[in-house]
Amino acid sequence: MFEDLRRTSFFHDKNRAFWILQGGGWSAYLLLRALSGLANKMGVGFILPAIIVTATGFSLTLLMAAAYRRIITMKPVYVWTLSPLILGVASGVFSVLEVWAHATFYQPGWKPQGIEFLGAILLDFSVLGAWTGLYYGINYYLLLAEQSERMINVARQANSAQLEMLRYQLNPHFLFNTLNSISTLVLLKQTERANAMLSRLASFLRYSLVGEREGLATVAQEAEALKLYLDIERTRFEDRLRTRFDIAPDVLDSRLPSLLLQPIVENAIKYAVTPSEDGADIVIDARRMSDRLVITIADTGPGLAASAADSGGGGNGGTNVGLANIRERLAQAYGVDHRFQLAENVPQGLIVLIDIPYQTEVVAPAVGGDGRVDTNLGAPVPGPQSVAAQ
């Protein structure tokens, strides 16, 4: 039993907790009354009325608990009105029975009259008042804990729902362009390239639609998913899309919200690679700084000006929705303990910075389902030699 108590909350079983506190509290009351009587040389005969008084208090508080259980969920005006009324009545009954037990079993010759029956009412009111305070305090604490747990569950469900929404928010243009490219490869009878592209698309969709139910992935898994996505896009853009992964080995197991980086890379392709005949370089950098995981995604496109012009000029806005979703997911996952910033790259382009707590735990296999985590994350194409996070 003690092992179970150690592993679970004391109030996990409220009924058991109530009887433990009720029995333990009134047993301590009986012991205190008996020792007090013996210390004041009242003799062993004082123990019997002490037992009767304790049994009376025990029974009265059971009735009070039944009444308080109904009152505690009422409006405050009823709680503050009915509780003192019940406490006063119970204290009066307690005092009458205590005086009667004392006169009957300890001082048989004493016959209390009238107000004498309320001789112990102040002490009994204090005892029952303390019991009432503990009852309300514990139960309000439990109600608050339940409410907090419900709010946490609601927030978790909302975060999960938002993750599911993001998973289904893949840019339709990306899917259309990919399928169109596959169709073109088939028409050109380049079946090997078409099969490879289909395989990468299937793997990427499997990761984006299934993923981990808690919405977290390792940096290694996210990098693998990005490699799949970039390989698909590279079929369209070829040498115009140049990428490099600079992932520090000590952050491969660090966890972050899944599908956090793909919309950022998609944004870089849209603004940096697509409009330029020469294409652009994209560098994904992840490293640990003290107890923080810092990720930067830099491109050599036109920078912030192009994003601002598109968001205000009637563009499709798909990637802007993705960036807003990233901000909300980071706020839900880390509160204020994160940074998400966009800044101009030097000499040209845009940098997106994500700074979150460094967290690790046991993870599932990387994308692909073969249990292999690929640590060779760099794409075999040239890219910029350095990225300055600003």
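Structure shown above.
In what follows, the accompanying structure is described. It should be emphasised that the depicted structure is a prediction, and the values quoted were computed from it without experimental measurement.

### Side note on the side chain of Ser254
For Ser254, the position within the fold is in the loop between β2 (241-247) and β3 (255-257). Apart from the residues within four sequence positions on either side, Ser254 is in contact with Ala217, Thr218, Val219, Leu293, Tyr358, Gln359 and Thr360.

### Re the pattern of salt bridges
One pass over the full model with this rule turns up 11 salt bridges. Its salt-bridge partner being Lys14, residue Glu146 comes within 2.1 Å of it at the nearest N-O pair. Residue Glu146 is located in helix α5 (residues 121-167), and its partner Lys14 is located in helix α2 (residues 14-39); the two are separated by 132 residues in the primary sequence. Between Asp285 and Arg287 there is a salt bridge, with its nearest N and O atoms 2.6 Å apart. Each of Arg292, Asp337, Arg339 and Asp355 takes part in one network of salt bridges that share partners.

### Side note on the sheet that holds β2
The sheet built from five strands is open, its strands ordered β2-β4-β5-β7-β6 with mixed pairing. Of all strands in the sheet, those with a lone pairing partner are β2 and β6 (339-344), marking the two edges. When strand polarity is set aside, the average angle formed by the axes of neighbouring strands in this sheet is 10°. For strand β4 (residues 280-289) and strand β5 (residues 292-299), the ladder comprises eight bridges, and the chain directions are antiparallel. Paired with Met289 across the strands is Arg292, a residue of β5. Against the sheet, helix α8 (residues 219-237) engages β2, β4 and β5, with an angle of about 170° to β2.

### Some thoughts on helix α9 (residues 262-273)
Most of α9 is tucked away: 11 of the 12 residues are buried. Among all positions of α9, only Gln262, Pro263, Ile264, Val265, Glu266, Asn267, Ala268, Ile269, Tyr271, Ala272 and Val273 are buried.

### Details of the environment of Thr300
Topologically, Thr300 is positioned in the loop between β5 and α10 (304-312). Residue Thr300 is classed as partly exposed on the basis of its relative accessible area of 23%. For the pair Thr300 and Gln348, spaced 48 residues apart in the sequence, the C-alpha separation amounts to 5.4 Å. Residues within four places of Thr300 in sequence aside, it is in contact with Ala280, Asp281, Gln348 and Gly349. Here the side chain of Thr300 touches Asp281 through a polar contact of 2.9 Å, landing on its backbone nitrogen.

### Points about the nonpolar core
Judged by nonpolar contacts, the single largest core of 48 residues is most densely connected at Ile269, Ile284 and Ile354. Here the element with the most residues in this core is α8; it accounts for nine residues. The residues contacting Ile354, other than those within four sequence positions of it, are Leu260, Leu261, Ile264, Leu293, Val294, Ile295, Leu330, Arg339 and Phe340. Within the second largest apolar cluster, 17 residues are counted, among which are Val53, Met64, Trp131 and Tyr136.

### A closer look at the environment of Trp131
Considering the arrangement of structural elements, one finds Trp131 in helix α5. With 44 residues separating them in the primary sequence, Trp131 and Leu87 have C-alpha atoms 9.9 Å apart. In this structure Trp131 touches Phe18, Gln22, Trp26, Thr61, Met64, Ala65 and Tyr68, once residues within four positions along its chain are discounted.

### Section: the packing of α8 against α9
Close contact between α8 and α9 brings their axes to 10 Å; oriented N to C, the two are set at 20°. Accordingly, the angle class assigned to the pair α8 and α9 is roughly parallel. Viewed along their axes, α8 and α9 form a crossing whose handedness is right-handed. When α8 is examined against α9, the residues Leu226, Tyr229, Leu230, Glu233 and Phe237 are found in contact with a partner set consisting of Gln262, Val265, Glu266, Ile269 and Val273. In terms of residue class, the contact of α8 with α9 is made up of seven nonpolar, one polar and two charged.

Scoring rules and cut-offs
- Residues numbered from 1 in each chain as written.
- Predicted model: local features only at pLDDT ≥ 70, side-chain atom pairs only at ≥ 80, totals over all residues.
- Heavy atoms only, no water.
- Helix = DSSP H or I, 4+ residues; strand = E, 2+ residues; numbered from the N terminus.
- Contact = heavy atoms within 4.5 Å.
- Salt bridge = Lys/Arg side-chain N within 4 Å of Asp/Glu carboxyl O.
- Pairing = 2+ DSSP bridges.
- Axes fitted to C-alpha atoms, helices over the stretch in contact; angles between N-to-C directions.
- Buried < 20%, exposed > 50% of the residue type's maximum accessible area, 1.4 Å probe, protein only.
- Polar contact = N/O pair within 3.5 Å; in protein donor to acceptor, adjacent residues only side chain to side chain.
- Core = buried A, V, L, I, M, F, W, Y, C linked by side-chain atoms within 4.5 Å.
- Parallel < 35°, antiparallel > 145°, perpendicular 65-115°, else oblique.
- Left-handed = near helix turned anticlockwise from the far one by under 90°.
- Nonpolar A, V, L, I, M, F, W, Y, C, P; charged D, E, K, R; others polar.

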